[in-house]
Amino acid sequence: MFDIARRGYDRDQVDAYVAALADGAAKTPTAPPEFELARRGYDRAQVDAYLRAAAPPLWPST
């Protein structure tokens, strides 16, 4: 789903959060998730863009 970057978001954490969003298990959180960085992880810009579209109330309008 997301490209792999040399330094990116921890893949297991992102996968679990995206699965919870898809299943409706992630109840409206009050803040965007804070993923740990990994040496080889998901591209941060792609994950952030996906989450902005999937859960817009988490991010202020710009």
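Residues numbered from 1 in each chain as written. Predicted model: local features only at pLDDT ≥ 70, side-chain atom pairs only at ≥ 80, totals over all residues. Heavy atoms only, no water.

**Student:** For this particular structure, what's the right way to read the overall build of the protein chain?
**Tutor:** A count of helical and extended segments in the protein chain gives two helices and four strands. Moving toward the C terminus, one meets the helices and strands of the protein chain in the order β-β-α-β-β-α. A total of 62 residues make up the protein chain; the buried ones form 27% of that total. For the protein chain, contacts bridging at least 24 residues in sequence account for 77% of all contacts bridging at least 6. As presented, the protein chain carries roughly 4500 Å² of accessible surface, and 48% of it is formed by carbon and sulfur atoms. (Helix = DSSP H or I, 4+ residues; strand = E, 2+ residues; numbered from the N terminus. Buried < 20%, exposed > 50% of the residue type's maximum accessible area, 1.4 Å probe, protein only. Contact = heavy atoms within 4.5 Å. Areas by Shrake-Rupley, 256 points an atom, 1.4 Å probe, with all protein chains shown as cover.)

**Student:** Explanation requested: the packing of aromatic side chains in the structure shown.
**Tutor:** Describing an aromatic ring pair means giving the distance of the ring centres and the angle of the ring planes. With the rule as written, the count across this model stands at four aromatic pairs. Taking the centre distance of 6.0 Å and the plane angle of 75 degrees together, the rings of Tyr17 and Phe35 count as edge-to-face. Within this pair, whereas Tyr17 is found in helix H1 (residues 11–23), its partner Phe35 is found in the loop between H1 and strand E3 (37–38), the two being separated by 18 residues in sequence. Look at Phe35 and you get buried, because its relative accessible area is 12%. (Phe/Tyr/Trp six-rings, centres within 6.5 Å; stacked < 30°, edge-to-face > 60°.)

**Student:** Quick question: what am I supposed to make of the environment of Leu37 here?
**Tutor:** Of note, Leu37 is situated in strand E3. Looking at Leu37, the relative accessible area reads 37%, which means it is partly exposed. Sequence separation between Leu37 and Tyr9 is 28 residues, and the spatial gap between their C-alpha atoms is 4.6 Å. Those residues in contact with Leu37 that sit more than four places away from it in its chain are Arg7, Gly8, Tyr9 and Arg44.

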